[in-house]
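# Geometric and topological summary
The lines below spell out each chain.
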Amino acid sequence: MKAFEESDDYLFFGRNKEIDDLLKQFAVNRFLAVIGSSGSGKSSLVKSGMLPNIYGGFMKAGSNWRVALMQPGENPVGYLAKELAREGVLYADLKNSDIPIDSVIESRLRRSENGLELVYADAHLPTGENLLIVVDQFEELFRFSKYEKDNKLGKSDAMHFVQILLNASMQQECPIYVLLTMRSDFLGDCAEFRGLPEAINNGQYLVPRMTRDEIREAITGPVAVSGATISQRLVTRLLNDINNDTDQLPVLQHAMMRTWDAWFKRNLLESPIDFEDYEKIGTMKSALSQHADEIYAELSTEREEQICGLMFKALTDTSADLRGIRRPRSITDLCLLTDATQAEIKKQVEIFRKPGRTFLMPSPGIELTDDTIIDISHESLMRIWLRLINWTEEEARSGALYMRLASSAQLKEIGQRGLLKNPELDIALQWKEINNPTAKWAEGFKASFEKTMAYLEESKNEDLEEKKILAQKEATRKRLVRTIFGLLALLVIAGLVASFIFNNKKNEALKSERDALNSEIKALDARNAALRSDSLRGVALTIAKQMESLAKLARDTALNAKERADISAKIAKLKEREANTSEQIARTERDNAETQRNKAEQLKEEATENVYKNAPSEYARLIREGPSDIKRIRAEDFDLKLTAYTQHLELLGPKIMATNDPEAAAKYNNLMNRLYYNNDLYEKIYSCIDDTKEAPLKRKLFTTDVPAKTAMDDEPDRNDQAYITIRNEMQQSGRTINKYLEDKKDQRVICTTNDNWIYVYNHVKNVVNRENAIPMGAPVTALDYNSEKNIIYFGLETGNIGYIRYNKDKKNQPVFENALGTAVIAIQFFKTAVKGNLKYFLLAAGKKSSVQLYELDENSLVPDKKLLGNILPQKNLGVLIGARFDAKSQLVLIKGQLPKSNSPTFYSWNPFTALVLDEYKKYKNEPKYFDATKIY
């Protein structure tokens, strides 16, 4: 990612015209601004293109040049002085000098706006010695100038720095030249400095975009110089992959470096660099982000990961400018900002600046000291590395919250608002606890850190005091409530006592009243007895008359009973005749039903026999045409036909095998394969069945009874509520599910989507909640989950395999390994006993490569970098379709498709003995060892 340096000029291609134009323009103007978009190659054009030509004497001013190359950073005048004091620039031998020459030069520079001429004159250089000041990344000066103004430092180093450069380039006494590089999106900021826009108008070179031929030369030139070759189709692919983004040159440079490494590791140096090397590194689309993540994965502890995040946040700046610029920091500053030791910071920097991974500057080999300035090698890293994007977004949110807090503190100071209240206060306190802000971190914001933190602390103390007062009021209220309840209880007791006394008095009054009533009742009874004796005589006469009437009624009733008996006898005879008739009808109906059943059985047997006879031709028709009538496809019809096909062929098999005719046996095997593995036919039938009416049949089509193609063993139940919930959520956001895996032990669902993400859901008691979403950068074609250690294993279309240490409470980062070089079709975690010891393994298979087995560490269950066990011996399997380890047989079962073959080929491989067996030759009579329908 770093720019080309002077020493890299032999690898710098594609900019010959631009170099010539720069030299011509610089020859007539001592001030030249090289301007271009981020990633356009400004710094490389100056350092590796222009400077070597200046040293070579391609300018009229001669070939004797002293060059001071610097970046403004946070101390532009000081850094310029340090570069001028570097040995070989103004002074040849400084080893034995006791004079702090850099301090002397800085003092001269600050003394006058003509400081550069004074410094040049003090050096007493020989006649004809030219001094060139190269200010790379000049846009850093605008950030520094803003910092000076916002913090009211009382000085203007930025303005003075610009003036000494302009004055030196305009005078004619001393041969001083000024060359700067700047991003074009900061061109408008130059108006802040008087005289700078005019100077840029007079000496400006806008770096043009490279043409297709120039980019081709930049790709092929370094390869040719290094003695290798690159295929023309890869060159065309690289040219096509470059889009209109401004970051494409450094991204192309990085991708070419990674592709070279992949080609070199193949150890086939006579072969050209080709597609497989380029695709193995993730292509230009994801090579940079994958490479940075691989480096990040080398950090061994959570503290190192935390320091890394804080360090990169400190080195990027989006608060000063939304366009995002690099923010170089000294190691001492990084220690203050990350709360880390210098040893810890240096270790982090070394990891990210090793040869081949120069994500941080200075370049490898330069010793790191306390004052060494650390910088990101290129802005493109800030916009492409997904992890860094997340970090900068977190930093932006943290800065925004701090600025709101600082604004509230300022308003409180002038009496326009009060202290913070909840929920604002809780949010601010939580931010402080998580981010632990320091005064050094807050330097980039225009607010007093001490006043802001004091305001937050005052708000916290007032909140605690209010809570204390509320607690005291609550305690008082509770005491008052207890007192009131006590008084109420006493009143209730007094009422009960009064009620008891009142009830006793009332009961005595009621008793007296009852006694009086009883006496009155006895008197009335006596009077009634006298009256009853007078009326008995009248009652006796009435009863006698009624008895006479009853005797007459008895005589009439006897006559009616005889008539009823006669009628009942007649009815009984009629019912008997009716019962006999019903019995005869029932016997007739039973006979008819038996006859009809026999006819139905006979018709069914005839129909079944006809189906069996016509099975091969009917099956061939279905293969050619598919179902003829969609509405007639019912579950019972399908079951009958499927049974007919299988039984017909299975009964035919032994007869064919008994003939010992190899050709007949081959045809039979081919027909069996077409029956069991004709996915096209099953898909035709599947697509013709209505979802709502024939769902049971659809499920049957995708079981082991009908082995149509499936993605994995755990094919989801498409009527399951969890699957439906997740599918609907995906559809609402325009996504579809590719892989679906449910772990019953952890009650967890893991699925992949068409936009290259892995989603993890928690599934408890039919409630489905999303736990996490993990970006993968490429389509996931294989998936497995180890619930023992919460590890997700995956395979990508790019050929990468890898794993994710899953934690639902954290952002989970995939760890990739470039393993297979072609689309991964199977990934499987399993454990088995090998020579009496329990071992853990990961099986991986690629579409156009062999099956490979990784042995896993028993503690972490993370793939080792070395491939252990046996690699599947080279055997012409064609394109791999599936592979899995079968625990019962201790074999890896493999399914392949040979070119121009209508049927798949099956093999079994013992990875512990390297034995490869043809399934049909070895296991045709022992199907329990090889169930081909379960290969996924």
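Rules and cut-offs
Residues numbered from 1 in each chain as written. Predicted model: local features only at pLDDT ≥ 70, side-chain atom pairs only at ≥ 80, totals over all residues. Heavy atoms only, no water. Helix = DSSP H or I, 4+ residues; strand = E, 2+ residues; numbered from the N terminus. Buried < 20%, exposed > 50% of the residue type's maximum accessible area, 1.4 Å probe, protein only. Contact = heavy atoms within 4.5 Å. Areas by Shrake-Rupley, 256 points an atom, 1.4 Å probe, with all protein chains shown as cover. Pairing = 2+ DSSP bridges. Axes fitted to C-alpha atoms, helices over the stretch in contact; angles between N-to-C directions. Parallel < 35°, antiparallel > 145°, perpendicular 65-115°, else oblique. Left-handed = near helix turned anticlockwise from the far one by under 90°. Patch = residues over 30% accessible without salt bridge, like charges linked within 9 Å, V, L, I, M, F, W, Y side chains within 5 Å. Salt bridge = Lys/Arg side-chain N within 4 Å of Asp/Glu carboxyl O. Arc of directions from axis to C-beta. pLDDT = per-residue confidence, 0-100. Phe/Tyr/Trp six-rings, centres within 6.5 Å; stacked < 30°, edge-to-face > 60°. Lys NZ or Arg CZ within 6 Å of the ring centre and 35° of its normal.

Here we take up the overall build of the protein chain. Check the secondary structure of the protein chain and you find 26 helices and 25 strands. Looking at the protein chain as a whole, 42% of its 936 residues qualify as buried. Contacts in the protein chain between residues far apart in sequence, at least 24 positions, make up 61% of those at least 6 positions apart. Carbon and sulfur atoms make up 53% of the accessible area of the protein chain, which amounts to about 51700 Å² in all.

So, on to the sheet that holds strand β14 (residues 767-775). In space, the 4 strands of this open sheet follow the order β11-β12-β13-β14, with antiparallel pairing throughout. Since the sheet does not close on itself, it has two edges, and those belong to β11 (737-743) and β14, each with one partner. Across this sheet, the average inter-strand angle for adjacent strands is 20 degrees, counted without regard to direction. Where strand β12 (residues 748-753) and strand β13 (residues 757-764) come together, 5 bridges link them in antiparallel fashion. Within the sheet, the bridge partner assigned to Val 749 lies in β13 and is Tyr 761. Across the face of the sheet, helix α25 (residues 721-732) comes into contact with β11, β12, β13 and β14 while running at roughly 145 degrees to β11.

A few words now on the packing of helix α4 (residues 101-111) against helix α5 (residues 115-123). Between α4 and α5, whose axes approach to 7 Å, the crossing angle comes to 140 degrees. In this view, α4 runs oblique relative to α5, as classed from their interaxial angle. Taken as a pair, α4 and α5 cross one another with a handedness that is right-handed. For the pair formed by α4 and α5, the contact residues are Ile 105, Arg 108 and Leu 109 on the first element and Gly 115, Leu 116, Leu 118, Val 119 and Asp 122 on the second.

Moving on to the packing of helix α15 (residues 331-338) against helix α16 (residues 342-352). Where α15 meets α16, the axes come as close as 9 Å, and the angle between the chain directions of the two elements is 105 degrees. With respect to α16, the element α15 is oriented roughly perpendicular. Each of Ile 331, Thr 332, Leu 334, Cys 335 and Thr 338 in α15 lies in contact with α16, whose residues at this interface are Gln 342, Ile 345 and Lys 346.

Taken together, the side chains of Leu 480, Ile 484, Phe 485, Leu 488 and Leu 491 define a hydrophobic patch exposed on the protein surface, amounting to about 530 Å² of accessible area. Here Phe 485 lies in helix α20 (residues 449-625).

This paragraph deals with unusual backbone geometry. Asn 422 connects to Pro 423 through a cis peptide bond whose omega is 10 degrees. In this structure, Pro 423 sits in the loop between α18 (386-413) and α19 (424-435). For Gln 137, which is not glycine, the phi torsion reads 55 degrees and is therefore positive. Topologically, Gln 137 is positioned in the loop between β3 (130-135) and α6 (140-150). By relative accessible area, which is 8% here, Gln 137 ends up buried. Despite not being glycine, Asn 267 has its phi angle at roughly 60 degrees, a positive value. Tracing the backbone through its elements, the reader meets Asn 267 in the loop between α11 (248-266) and α12 (275-280).

Here we come to the pattern of salt bridges. Under the counting rule described, the total for this entry stands at 33 salt bridges. Across the pair Arg 233 and Asp 274 runs a salt bridge, and its minimum N-O distance is 2.9 Å. Remark: Asp 274 occurs in the loop between α11 and α12 and Arg 233 occurs in helix α10 (residues 232-241); sequence separation between them is 41 residues. The partly exposed category is assigned to Arg 233, whose relative accessible area is 48%.

Summarising burial for strand β15 (residues 780-786): 7 of the 7 residues are buried, a large majority. Across 6 bridges, β15 lies against strand β16 (residues 791-796) in antiparallel orientation. Bridge pairing links Asp 784 to Tyr 793 in β16.

Along helix α1 (residues 16-28), the residues that are buried comprise Glu 18, Ile 19, Leu 22, Leu 23 and Phe 26. Within α1, the buried residues cover an arc of 135 degrees as seen down the axis, which keeps them to one side. In α1, the exposed positions that point more than 90 degrees away from the buried face belong to Lys 17, Lys 24 and Val 28. Against the buried residues of α1 lie β1 (31-36), α2 (42-55), β3, β4 (176-183), β5 (204-206) and α9 (212-225).

In this section: the confidence of the model for the protein chain. Averaged over all residues, the pLDDT of the protein chain equals 76, while 71% of them reach at least 70. In this model residues 864-870 is a low-confidence stretch, pLDDT under 50, and it forms 16 contacts with partners more than four residues away in sequence or in other chains. When the criterion is pLDDT under 50, residues 916-936 qualifies, and its contacts beyond four places in sequence or with other chains add up to 56 contacts.

Here the focus is the packing of aromatic side chains. To describe a pair of aromatic rings, one takes the distance between the centres and the angle between the planes. Per the counting criterion, the structure on display carries 22 aromatic pairs. Here the aromatic rings of Tyr 402 and Phe 449 are separated by 6.4 Å at their centres, their planes lie at 35 degrees, and the arrangement is tilted. One end of the pair, Tyr 402, is in helix α18; the other, Phe 449, is in helix α20, and 47 residues separate them in sequence. By the burial criterion, Tyr 402 is buried, and Phe 449 matches it. In textbook terms, an aromatic cluster arises when at least three aromatic residues are bridged by ring pairs, as seen for Tyr 296, Phe 312, Phe 352, Trp 385 and Trp 391. Taking NZ or CZ as reference, Arg 30 lies 5.1 Å from the ring centre of Tyr 177, over its face. Taking the ring centre of Phe 275 as reference, the NZ or CZ of Arg 237 above it sits at 5.5 Å.

So, on to the sheet that holds β4. Across the sheet, 5 strands lie side by side as β2-β3-β4-β1-β5; this open sheet has parallel pairing. This sheet does not close on itself; its edge strands, each paired only once, are β2 (65-70) and β5. Direction aside, neighbouring strands of the sheet carry axes that sit 15 degrees apart on average. Two elements, β1 and β5, share 3 bridges in a ladder whose sense is parallel. Residue pairing across strands places Val 34 opposite Tyr 205, the latter belonging to β5. This element, α2, spans β1, β2, β3, β4 and β5 of the sheet and lies at about 160 degrees to β4. Contacts between helix α3 (residues 76-84) and the sheet are confined to β2 and β3, with β2 contributing the most and set at about 145 degrees to the helix.

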